[in-house]
Amino acid sequence: MKVKTNKHSWAEPYKIKMVELLKMTTPAQRKKAIATAGYNTFLLKSEDVYIDLLTDSGTSAMSDRQWAGMMLGDEAYAGSANFYHLEKVVQEVYGYKYVIPTHQGRGAENILSQVLIKKGDIIPGNMYFTTTRLHQELAGGIFHDIIIDEAHDAANLHPFKGDVDVNKLEGLVKEYGADKIPYICIAVTVNMAGGQPISMGNLKTLRAYTQKLGIKIILDMTRIAENAYFIKVREPGYTQRSIRSIVKEICSYTDGATMSAKKDALVNIGGFLALNDADDYEEASNLVVVYEGLHTYGGLAGRDMEAMAIGIKESISDEHIKARIGQVIYLGEQMRHLGIPITEPIGGHGIFIDAKRFLPHLNQDLFPAQALAAELYIDAGIRTMERGVVSAGRNAKTGKNYYPKLELVRLTIPRRVYTQAHMDVIAESVFNVYCNRKKIKGLTMVYEPKYLRFFQARFEKIK
Ligand code: F0G
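Residues numbered from 1 in each chain as written. Predicted model: local features only at pLDDT ≥ 70, side-chain atom pairs only at ≥ 80, totals over all residues. Heavy atoms only, no water.

A. Representation of the site of the ligand in the model. The full set close to the ligand counts 17 residues, and T55, R106, D220, S260 and K263 are the nearest of them. Note that an oxygen atom of the ligand is positioned 2.8 Å from one of the backbone N or O atoms of G105. Computed on the free molecule, the ligand has an accessible area of 470 Å², of which 96% lies beneath the protein chains in the complex. The element contributing the most residues to the shell around the ligand is helix 4 (residues 105–116), with three residues. Here the residues of the shell around the ligand sort into two nonpolar, eight polar and seven charged. Looking at which domains feed residues into the shell around the ligand, each of domain 1 (27–56 + 318–461) and domain 2 (64–315) supplies at least three. (Near = heavy atom within 4 Å. Polar contact = N/O pair within 3.5 Å; in protein donor to acceptor, adjacent residues only side chain to side chain. Areas by Shrake-Rupley, 256 points an atom, 1.4 Å probe, with all protein chains shown as cover. Helix = DSSP H or I, 4+ residues; strand = E, 2+ residues; numbered from the N terminus. Nonpolar A, V, L, I, M, F, W, Y, C, P; charged D, E, K, R; others polar. Domains from an automatic or database assignment.)

B. The domain arrangement of the protein, seen in detail. Split by domain assignment, the protein resolves into domain 1 (27–56 + 318–461) and domain 2 (64–315). Computed over C-alpha atoms, the centres of domain 1 and domain 2 are 26 Å apart. Interface of domain 1 and domain 2: buried area, both sides summed, is about 2,900 Å²; carbon and sulfur atoms make up 59% of it. Its largest share of buried area at the contact with domain 2, domain 1 owes to I321, P345 and L406, together 19% of the area lost on that side. Between the two partners, domain 1 and domain 2, sit five salt bridges. Across the pair E226 and R415 runs a salt bridge, and its minimum N-O distance is 2.9 Å. Counting across the domain 1 and domain 2 interface gives 15 residue pairs in polar contact (both at pLDDT 80 or more). Among the elements of the structure, helix 12 (318–337), strand 9 (350–354), helix 15 (389–392) and strand 12 (408–412) are those that each provide at least two residues to the side of domain 1 that touches domain 2. Taken together, the residues of the side of domain 1 that touches domain 2 sort by class into 15 nonpolar, six polar and twelve charged. (Buried area = accessible area lost by both parts, 1.4 Å probe. Salt bridge = Lys/Arg side-chain N within 4 Å of Asp/Glu carboxyl O.)

C. Representation of the environment of T130 in the model. You can see T130 is positioned in helix 5 (residues 130–138). Judged by its relative accessible area of 4%, T130 is buried. Counting along the chain gives 261 residues from T130 to S391, while the straight-line C-alpha distance between them is 7.2 Å. Those residues within four positions of T130 in sequence are excluded, and the remaining contacts are M192, R387, S391, L452 and F454. (Buried < 20%, exposed > 50% of the residue type's maximum accessible area, 1.4 Å probe, protein only. Contact = heavy atoms within 4.5 Å.)

D. Representation of the pattern of salt bridges. Applying the stated criterion across every chain, the model contains 22 salt bridges. Across the salt bridge formed by D149 and K168, the nearest N and O atoms sit 2.7 Å from each other. Residue D149 is found in the loop between strand 4 (142–145) and helix 6 (166–176), and its partner K168 is found in helix 6; the two are separated by 19 residues along the sequence. Accessibility expressed as a relative area gives 53% for D149, which makes it exposed. Taking relative accessible area as the criterion, K168 reaches 26% and is therefore assigned partly exposed. With its nearest N and O atoms 2.8 Å apart, the salt bridge here joins E249 to R241. Classification of E249 as buried rests on a relative accessible area of 14%. For R241, a relative accessible area of 26% translates into the label partly exposed. One network of salt bridges, in which partners are shared, links D56, R223, E226, R324 and R415.

Shown next, in the form of structure tokens:
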């Protein structure tokens, strides 16, 4: 082991108070379990999983303070004290004026899309996200990807692969006119690109350009603290700044945000819609009653809003985020060392294996990333997720499959849950599958649901 200086260590700024025991399974049990699940890791029973890297969503370990906060739940139907606490924290930390709680991120996406999108509108965004694009489409909008080309190349080392290509945006404005574009949807640490950040410089440029055209910027702020960390360590001028101040600056260039608090904000359930415009807020706070609940609870219990308010404050601590991303980078470096092809640079919320380079003998119609996720489960009980042709789905108009350039398996790291030893076991297992990769033959899809097919599709092994 190399001796490291304190400057580089990322040890956790907490200690463990309670543990959850895991069930150990045999390869034969796992082969049976994944076949029963139709080779879709979403359909496995969680008790059959050893290390669960399906998602970082709702899987964080809450702190003792968050659990204590849950005991302070004010379960009144209207005007709960926890709502006012949450509202104050969102206003202070992110700087938005109005806050509407929702049961999770997609609840906020639904309301926002209904309020801002008219049929035929164009919604540019820095790469699609599954639920976000679907809500835009259900509201009558048409999504256009305006992320830089580098983001679609897993091996490209650009430090801010979440950046928007302003020329692509200008092209859309020329083609459709600014009045057809109500807002651009900007994601932080872009999930589908491998947790890749957007730079502050790019945000500022976008703000200057869109403001004169009357186009709003709506942030998908789901992993904003992680993005702030990358700005701090990669963008000139931000090294000495706190995560908290960078987070607030990001929000200052936008008009509102949708938030899945199940990620950054360290809660198991919850989200919100934040807005600055009074008219938009009025419409959204009326609409939320239809889909989620009254505007002071939005589908959440008072205790959930309290845990969220406390989690938001914990999420912007410099020590927390350094350890969080430090752990992800530790795993990524192990993989790199073993020669596993991964998305570079290492992103914020997980390691993304490049299934195209891992399984070059499989074309996308054989669902390489889906097949690889199934094999990883069989090897050591590690549950991962496909982010490739299955997740991309079909074009709503033509019904044709999207064939995304990125065909990835996501190893998503829950926050404050697993240890460094777990990271070592994961790397060893991936390496084992890598050594036997030529035996992997691919899958065929035998059941395809209409919406967000990756969640419930079923597959069979190619013989
Ligand atoms: N936006 C982003 C960037 C997300 O990653 C997610 C969820 C959402 C919006 C929707 O939020 O789940 O609370 O309704 N991502 C999860 C994931 C599902 O595993 O990446 P939600």
